[in-house]
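Summary of structural features
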Amino acid sequence: MKVRAVYPGTFDPVTNGHMDLIERSAALFDEVVVAILSNTDKAPMFTVEERVEMLERVVKDLPHVSVTTFGGLLVDFAEQINASVIVRGIRAVSDYEYELQMAMMNRRLSSKVETVFLMPAEAYFYLSSRLVKEISALGGSVHGLVPPLIERRLKIKHGHKS
Ligand code: PNS
């Protein structure tokens, strides 16, 4: 039986930490669906359309990885697309409490989907989309923290040259 995994998130924007998780997931599962939450409370820097386009471009060479959006409950979406696994990344200890709460709540909501936690490479342990946006907005370099395409898009957003 083929195992389809969903990797949900805001991806505002996708970082090398996310890329690391996508690659690790693709090595473990038959199919990985990267799912961007479309109706978030957070005010995103990039529109959903921009995030889809950027993610599609950065995963284009990864076989069995696709990109889509979802709204509503994650477990409902997972069931709709026949995904039996939800992938979430755990970095520092601080992620654990929130992730545990979500995983347990998702388990309560659906017995058909199991959450699997993966750890990114050490280099990305302190990396987050929030910090990337902050550094970039203040003119700092995010080289090596995000794919080159995202680096360029951040510069365009903030009006920084080269
Ligand atoms: O990248 P993020 O912002 O940490 O991702 C959070 C996300 C999108 C995985 C989470 O907010 C989510 O699953 N939202 C969908 C609504 C839902 O199912 N809520 C109940 C979770 S227990």
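See above for the structure.
Rules and cut-offs
Residues numbered from 1 in each chain as written. Predicted model: local features only at pLDDT ≥ 70, side-chain atom pairs only at ≥ 80, totals over all residues. Heavy atoms only, no water. Helix = DSSP H or I, 4+ residues; strand = E, 2+ residues; numbered from the N terminus. Rg over C-alpha atoms; globule rule 2.2 N^0.38 Å. Buried < 20%, exposed > 50% of the residue type's maximum accessible area, 1.4 Å probe, protein only. Contact = heavy atoms within 4.5 Å. Lys, Arg positive; Asp, Glu negative; His and termini not counted. Charge placed at Lys NZ, Arg CZ, Asp CG, Glu CD. Arc of directions from axis to C-beta. Phe/Tyr/Trp six-rings, centres within 6.5 Å; stacked < 30°, edge-to-face > 60°. Near = heavy atom within 4 Å. Polar contact = N/O pair within 3.5 Å; in protein donor to acceptor, adjacent residues only side chain to side chain. Areas by Shrake-Rupley, 256 points an atom, 1.4 Å probe, with all protein chains shown as cover.

**Looking at the overall build of the protein chain**
A count of helical and extended segments in the protein chain gives 6 helices and 5 strands. In the protein chain, the succession of α and β elements from N to C terminus is β-α-β-α-β-α-β-α-β-α-α. In terms of overall size, the protein chain behaves like a compact globule, its C-alpha atoms giving a radius of gyration of 16 Å where 162 residues would be expected to give roughly 15 Å. If one aligns the C-alpha atoms of the protein chain with their principal axes, the spans along those axes are about 50 × 30 × 30 Å. The buried share of the protein chain, taken over its 162 residues, is 44%. Contacts in the protein chain between residues at least 24 apart in sequence constitute 77% of all its contacts with a sequence separation of at least 6. Each charge class in the protein chain was averaged separately, 19 positive and 20 negative side chains, and the resulting centres sit 3 Å apart.

**Remarks on helix α5 (residues 129-137)**
For α5, the full list of buried residues reads Ser-129, Val-132, Lys-133 and Ser-136. The arc enclosing the buried residues of α5, seen along the axis, measures out at 95°, which places them on a common side. Among the structural elements, α1 (16-28) and α6 (148-158) are those in contact with the buried residues of α5. Following α5 by one or two positions, Gly-139 adopts a phi angle in the positive range, close to 85°.

**Here's the deal with unusual backbone geometry**
Here Asp-12 and Pro-13 are connected by a cis peptide whose omega angle stands at 0°. Mapping Pro-13 onto the fold places it in the loop between β1 (4-9) and α1. Within the chain, His-64 stands out as a residue other than glycine whose phi angle is a positive 65°. Turning to its location among the elements, His-64 is positioned in the loop between α2 (48-59) and β3 (65-70). The exposed category is assigned to His-64, whose relative accessible area is 57%. One non-glycine residue, Asn-82, lies in positive phi territory at about 60°. Looking at the secondary structure, you find Asn-82 in the loop between α3 (74-80) and β4 (85-89).

**Here's the deal with the packing of aromatic side chains**
All chains considered together, the criterion is met by 2 aromatic pairs. A ring pair is formed by Tyr-7 and Phe-11, whose centres lie 5.3 Å apart and whose planes are at 75°; its orientation type is edge-to-face.

**A look at the site of the ligand**
Taken together, 14 residues surround the ligand, and among them Gly-9, Thr-10, Lys-42, Leu-74 and Arg-88 come closest. Between Thr-10 and the ligand, the recorded distance is 2.5 Å, taken from a side-chain N or O atom to an oxygen atom. One of the backbone N or O atoms of Leu-74 is found 2.8 Å from an oxygen atom in the ligand. Alone, the ligand offers 550 Å² of accessible surface; in the complex the protein occludes 77% of this.

**Notes on the side chain of Asp-12**
Among the structural elements, Asp-12 can be located in the loop between β1 and α1. For Asp-12, a relative accessible area of 3% gives the class buried. Within the local environment of Asp-12, its side chain forms a polar contact with the backbone nitrogen of Met-45, the two atoms lying 2.7 Å apart. Asp-12 has contacts with Pro-44, Met-45, Phe-46, Arg-51, Ser-129 and Lys-133, leaving out every residue within four places of it along the chain.

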